[in-house]
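Here is how the chains run, residue by residue.
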Amino acid sequence: MPKPDELITDIAALVESGQSSQMSLTVVTGGAVITGRLAPEAVWRQRVSEVLTDSARLNAFSTVFDTPAKKDGPPTHLHFHVARILQGTVGIPETGGMYRVAIEDVSAWTVGDFSYSEH
């Protein structure tokens, strides 16, 4: 198992501490490029639960996300909101989505989020 990058772990810890929810990050994981803003896990879980609760077919799954996160040691995941997977000249979904990425699976990253323009 690779050792996670200490810098990205420190960024995740600062986001988790609630001191900032404005950190934008772009990561490469499993060949995908994901770009968006980080959120504390509790906020991310709450938002996913709300979306599932509003779904007629998926509302039973909302309770899975109501469970508080376990806080043993440094963060192990990044929690993106308003995030997109960059593919060619588009971001999927266009409006942004909710993604959870294991820090140990991040092979490259940069501060900031990316978008494409038609210029």
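A. A look at the sheet that holds strand β3 (residues 77–87). A sheet is described by the order of its strands in space; here 5 strands give the open sequence β4-β3-β2-β1-β5, paired in antiparallel fashion. With one partner strand each, in any of the chains shown, β4 (90–102) and β5 (106–111) form the two edges of the open sheet. Strand-to-strand twist in this sheet, taken as the mean axis angle between neighbours without regard to direction, amounts to 35°. Sheet contacts for helix α1 (residues 6–16): β1 (24–29), β2 (32–38), β3 and β5; angle to β5, the most-contacted strand, approximately 60°. Lying over the sheet, helix α2 (residues 41–53) contacts β3 and β4, oriented at roughly 125° with respect to β4.

B. Focus on the pairing of β1. The sheet contact formed by β1 and β2 spans 6 bridges and is antiparallel. Along β2, the bridge assignment pairs Val 28 with Val 33. Between β1 and β2, which follow one another and run antiparallel, lie 2 residues, and Gly 30 among them has a positive phi close to 55°. Both β1 and β5 contribute to a ladder of 5 bridges, which runs antiparallel.

C. Broad picture of unusual backbone geometry. With phi around 40°, Val 82 is a residue other than glycine that occupies positive phi space. Tracing the chain through its elements places Val 82 in strand β3.

About the thresholds
Residues numbered from 1 in each chain as written. Predicted model: local features only at pLDDT ≥ 70, side-chain atom pairs only at ≥ 80, totals over all residues. Heavy atoms only, no water. Pairing = 2+ DSSP bridges. Helix = DSSP H or I, 4+ residues; strand = E, 2+ residues; numbered from the N terminus. Axes fitted to C-alpha atoms, helices over the stretch in contact; angles between N-to-C directions. Contact = heavy atoms within 4.5 Å.

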